[in-house]
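Take a look at the letters that make up each chain.
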Amino acid sequence: EAAVTQSPRNKVAVTGGKVTLSCNQTNNHNNMYWYRQDTGHGLRLIHYSYGAGSTEKGDIPDGYKASRPSQENFSLILELATPSQTSVYFCASGDPGGNYAEQFFGPGTRLTVL
Amino acid sequence: GEQVEQLPSILRVQEGSSASINCTYENSASNYFPWYKQEPGENPKLIIDIRSNMERKQTQGLIVLLDKKAKRFSLHITDTQPGDSAMYFCAASVDSNNRIFFGDGTQLVVKP
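Sequence order sets the numbering: in each chain, residues are counted from 1 along the sequence as written. Here chains are named by letter from A upward and ligands by number from 1 upward, in the order in which they appear as written. With the structure being a predicted model, the display of local features is reserved for residues of pLDDT at least 70 and the display and counting of side-chain atom pairs for 80 or more, all residues being used for whole-chain, interface and lining totals. Remark: hydrogens and water are excluded; side-chain values derive from all non-hydrogen atoms of the structure.

A. Spatial organisation of the overall build of chain A. Runs of E in the DSSP output that reach at least two residues are strands. Runs of H or I that reach at least four are helices, and both are numbered from the N terminus. Tallying secondary structure elements over chain A gives 0 helices and 11 strands in all. Starting at the N terminus and walking to the C terminus, you meet the elements of chain A as β-β-β-β-β-β-β-β-β-β-β. Relative to the 2.2 N^0.38 estimate, which gives 13 Å for 114 residues, the radius of gyration of chain A is 13 Å and therefore close to what a compact globule would have. Over its C-alpha atoms, taken along the principal directions, chain A stretches across nearly 40 × 30 × 30 Å. Residue burial in chain A is summarised as follows: out of 114 residues, 50% are buried. Within chain A, contacts between residues separated by at least 24 positions form 55% of all contacts whose residues are at least 6 apart in sequence. For every accessible area listed, the method is Shrake-Rupley and the probe measures 1.4 Å; residues are considered covered only by the protein chains on display. Just so you have it, chain A exposes about 5100 Å², and 49% of that area is on carbon and sulfur atoms. Radius of gyration means the value over C-alpha atoms here, while the globule rule gives 2.2 Å times the residue count to the 0.38 power. Three exposure classes are used, based on accessible area relative to the maximum for each residue type with a 1.4 Å probe and protein chains only: buried under 20%, partly exposed in between, and exposed over 50%. When checking whether two residues touch, look at their non-hydrogen atoms; a contact exists if any pair is within 4.5 Å.

Okay, here's the thing in structure tokens:
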């Protein structure tokens, strides 16, 4: 039973369209994260959250919004998708009160913007 | 914040030999250094970590070394097997709010 799930797993969007990526965790972790992974860049942090109602900007927030309506759910929103946002997106959860900073990753969402 | 540099970007080794990946960090306040392994098409998974109160940690075929003075840490995989072929990420955590900073990854290829 996966503790961090993402939906959809694959998404094809058109330029200028709105895209919402969803993440759900059952770890009861306070913190959640959205990363994108591109060849040669590793994992880059887009947005993160310390708990329900909180969102913080990561290293590359431009073009993305985030929403944390509950402890379990964290969404990444691309209001106007562009081809440069074609990537693999990973959600993760972690709890600073637990094993230091260990983060648990979801299976990833492959997004293609045409 | 923090900046983590990871080298090499690609590492090819013969099966049965050892492999070493090196990382450096900038912030002397960093106190937690995890290593993640990512197999093709999969998500990153924690394989070993070390805290700033340690200099060495070993689990199964993995050894992690931490040199706080030099702000350097490394992963050593002994007796590599084809199943060790994957992308490896080092990371550093500087704050108690759980944010970690990743290196750009090392693609390890173990040749039979």
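This is not the end of the story, as more comes after the structure.
B. The nonpolar core, seen in detail. Joining through side-chain atoms within 4.5 Å is the link that ties buried Ala, Val, Leu, Ile, Met, Phe, Trp, Tyr and Cys residues into a set, and such a set is a nonpolar core. Counting residues in hydrophobic clusters, the biggest one holds 25 residues, and the most contacted among them are B:Trp35, B:Phe73, B:Leu75 and B:Leu108. Going through the elements one at a time, strand S2 (10-14), strand S3 (19-25), strand S4 (32-38), strand S5 (45-51), strand S7 (62-67), strand S8 (72-77), strand S9 (86-93) and strand S11 (106-111) of chain B are the ones with two or more residues in this core. Judged by nonpolar contacts, the second largest core, of 18 residues, contains A:Leu21, A:Met32, A:Trp34 and A:Tyr89.

C. Summary view of the pattern of salt bridges. All names here are of chain B. We count a salt bridge whenever a side-chain nitrogen from Lys or Arg sits within 4 Å of a carboxyl oxygen from Asp or Glu. Tallied over the entire structure, the rule returns 8 salt bridges over all chains. Ionic pairing is found between Lys57 and Asp49, a salt bridge with its closest N-O pair at 2.9 Å. Of the residues examined, Lys57 reaches a relative accessible area of 28% and is grouped as partly exposed. A salt bridge links Asp67 to Arg72, with the nearest nitrogen and oxygen atoms 4.0 Å apart. When its relative accessible area of 32% is taken as the criterion, Asp67 is described as partly exposed.

D. Representation of the interface of chain A and chain B. With 24 residues of chain A at the contact, the number on the chain B side is 20 residues. Buried area, as used here, totals the accessible surface that two parts lose on assembly, with accessibility defined by a 1.4 Å probe and the loss added over both. Interface area for chain A against chain B, summed over the two sides, is near 1900 Å², with a carbon-plus-sulfur share of 52%. The interface formed by chain A and chain B includes 1 salt bridge. Salt-bridge contacts for A:Asp59 lead to B:Arg99; the nearest nitrogen and oxygen are separated by 2.6 Å. N or O atoms within 3.5 Å of each other form a polar contact, as long as, within protein, one can give a hydrogen and the other can take it, and as long as residues adjacent in sequence are counted only when both atoms are side-chain atoms. Between chain A and chain B we count 5 residue pairs in polar contact (both at pLDDT 80 or more) in total.

E. Looking closely at the state of the cysteines. Residue and element names in this part refer to chain B. In this description, the term disulfide denotes a pair of cysteine sulfurs within 2.5 Å. Following the criterion strictly, the structure yields 2 disulfides over all chains and no others. Between the sulfur of Cys23 and that of Cys90 lies a disulfide, 2.0 Å long from S to S. Here the disulfide of Cys23 and Cys90 is left-handed, its torsion about the S-S bond being about -105 degrees. Separated by 67 residues along the polypeptide, Cys23 in strand S3 and Cys90 in strand S9 bring together distant segments of the chain. The class for Cys23 is buried, based on a relative accessible area of 1%.

F. Seen up close, the sheet that holds strand S8 (residues 73-78) of chain A. Residues and elements named next belong to chain A. Strand order in this open sheet of 4 strands is S1-S3-S8-S7, and the pairing throughout is antiparallel. The outermost strands of the open sheet, each flanked by one partner alone, are strand S1 (4-7) and strand S7 (65-67). The average angle at which neighbouring strand axes cross in this sheet is 20 degrees, direction not considered. Here, strands pair whenever DSSP counts at least two bridges between them. For S7 and S8, the ladder comprises 3 bridges, and the chain directions are antiparallel. Paired with Ala66 across the strands is Leu76, a residue of S8. Axis definition: a line fit to C-alpha positions, over the contact stretch in the case of helices; interaxial angles, taken between N-to-C directions, run 0 to 180 degrees.

G. Main features of the packing of aromatic side chains. The rule is short: rings of Phe, Tyr and Trp, with Trp giving its six-membered ring, pair when the centres are within 6.5 Å, and they are stacked under 30 degrees, edge-to-face over 60, tilted in between. Applying the stated rule across the entire model yields 15 aromatic pairs over all chains. Aromatic pair A:Phe105 and B:Phe102: ring centres 6.2 Å apart, planes at 65 degrees, arrangement edge-to-face. With one member in each of two chains, A:Phe105 in strand S10 (residues 103-105) and B:Phe102 in strand S10 (residues 100-102) form a pair that bridges those chains. Of the two residues, A:Phe105 and B:Phe102, both sit in the buried class. Three or more aromatic residues joined by ring pairs form one cluster here, namely A:Tyr33, A:Tyr35, A:Tyr48, A:Tyr50, A:Phe90, A:Phe105, B:Tyr36, B:Phe89 and B:Phe102.

H. Here's a closer look at the pairing of strand S3 (residues 19-25) of chain A. All names here are of chain A. Burial along S3 is one-sided: the face carrying Val19, Leu21, Cys23 and Gln25 is buried and the face carrying Thr20, Ser22 and Asn24 is not. Where S1 lies against S3, 4 bridges are found, and the strand directions are antiparallel. The residue bridging Gln6 from the neighbouring strand is Cys23, located in S3. Strand direction decides the pairing type here: S3 and S8, joined by 6 bridges, are antiparallel.

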